[in-house]
Structures are given as structure tokens and as C-alpha cells.
Amino acid sequence: TSAAETAHLLDGKTFVGKNGEKGQPLDPNQDEELVFQDGRFTSVSCFPYNFGSSEYSARVVGDTIHFEAVTMSPSHGKIAWKGFVKGSTAEATFVWTKERWYWNTHREYWFQGVRKE
């Protein structure tokens, strides 16, 4: 498979679930939707904070598709995403960083969800 083919491995898939802080259970109030479309990745819960869509990379290892993306916000920094899709489920970790001259933000989260049909 070429790089172009693997870049779009997850296109047309959306996973709905919950986010949580790393080391904590998923938060029942933190709804999330991860959308893969046209070679781009979008986190619906981060959209209100001006995190746009970004290109994603994906590769197949056995029966699992691993993906990575970095979403940026002009006002809120960046989020680095790493995750995998196996069957109809997805899991990801994401690290939000924002550098300011007086302090830096570094928070880690995780996501678990199922494919939206």
C-alpha cells in the first residue's frame, strides 16, 4: 500500500465516546466525537476552543489501525493525538500543550469510543 492509501485508511469513520484525564476513569460528562474525513482528523469536543481539523497518518499493524494527528488552535495551543482502531472500537491518548511566557500547560487525556454507524 502506498502512503496515499494509508493516509485515508479511516476516512468516513466517526467514533463517539468519552474523554477523561490520564490516570482517571472516563468522565461521563465529557462527550467526544473523533471524525476522520478526506484525510483529516477532527475532535468535536475541541472545536469550540478553535482546534481545527488536521491531516492524520494511519498504518495497519495486524488487525489494528494506528493513527496520529496534531490539532492546533490559535488561542489554545496544540493537541497531539495517538490512538488505534480495532474492529468497531477506538482508543486514543492526547496531550494538550500551550506555551506562554509565564507558564506552560501540559495535560494528558484519553478517549474511548465506538464507531458511529
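Conventions we followed
Residues numbered from 1 in each chain as written. Predicted model: local features only at pLDDT ≥ 70, side-chain atom pairs only at ≥ 80, totals over all residues. Heavy atoms only, no water. Helix = DSSP H or I, 4+ residues; strand = E, 2+ residues; numbered from the N terminus. Salt bridge = Lys/Arg side-chain N within 4 Å of Asp/Glu carboxyl O. Buried < 20%, exposed > 50% of the residue type's maximum accessible area, 1.4 Å probe, protein only. Core = buried A, V, L, I, M, F, W, Y, C linked by side-chain atoms within 4.5 Å. Contact = heavy atoms within 4.5 Å. Phe/Tyr/Trp six-rings, centres within 6.5 Å; stacked < 30°, edge-to-face > 60°. Pairing = 2+ DSSP bridges.

Draft legend 1. Broad picture of the environment of Phe 67. Its location among the elements puts Phe 67 in strand E5 (residues 64–73). C-alpha of Phe 67 to C-alpha of Trp 81: the two residues are 14 residues apart in sequence and 8.0 Å apart in space.

Draft legend 2. View of unusual backbone geometry. A positive phi is found at Asp 38, a non-glycine position, where the angle reads about 55°. Positive phi outside glycine occurs at Asn 50, with the angle close to 70°. Secondary-structure assignment places Asn 50 in the loop between strand E3 (40–43) and strand E4 (54–61).

Draft legend 3. Layout of the pattern of salt bridges. Scanning all chains against the criterion turns up five salt bridges. Taking the shortest distance from any N to any O, the salt bridge between Lys 18 and Asp 31 comes out at 2.2 Å. Linking Lys 18 in strand E1 (residues 13–21) with Asp 31 in strand E2 (residues 31–37), this pair joins segments that are 13 residues apart in sequence. Judged by its relative accessible area of 27%, Lys 18 falls in the partly exposed class. Judged by its relative accessible area of 52%, Asp 31 falls in the exposed class. Between Glu 21 and Arg 107 there is a salt bridge, and its shortest N-O distance comes to 2.7 Å.

Draft legend 4. Region of interest: the nonpolar core. Core analysis: the largest hydrophobic core is formed by 21 residues, its most contacted members being Phe 36, Phe 41, Phe 67 and Trp 81. Mapped onto this core, the elements with two or more residues apiece are E2, E4, E5, strand E6 (77–86), strand E7 (89–99) and strand E8 (104–115). Sorting elements by how many residues they give to this core places E7 first, with four residues. Other than its neighbours up to four places away in sequence, Trp 81 contacts Glu 32, Leu 34, Phe 41, Ser 43, Cys 46, Phe 67, Glu 68, Ala 69, Thr 71, Ala 92, Thr 93 and Phe 94.

Draft legend 5. The arrangement of the packing of aromatic side chains in detail. Enumeration according to the criterion identifies 10 aromatic pairs in this entry. Aromatic ring contacts, followed pair by pair, group Phe 15, Phe 36, Phe 41, Tyr 56, Phe 67, Trp 81, Phe 94 and Tyr 109 into a single cluster.

Draft legend 6. Region of interest: the pairing of E8. Bridge analysis of E1 against E8 gives seven bridges, and the strand direction is antiparallel. Looking across to E8, one finds that Phe 15 is bridged to Arg 115. Bridging between E7 and E8 involves 11 bridges; their strand directions are antiparallel. Considered in E8, the bridge of Thr 89 is made with Val 114. Counted between consecutive antiparallel strands, the loop separating E7 from E8 contains four residues.

Interpretation in functional terms is not warranted from these geometric data alone.
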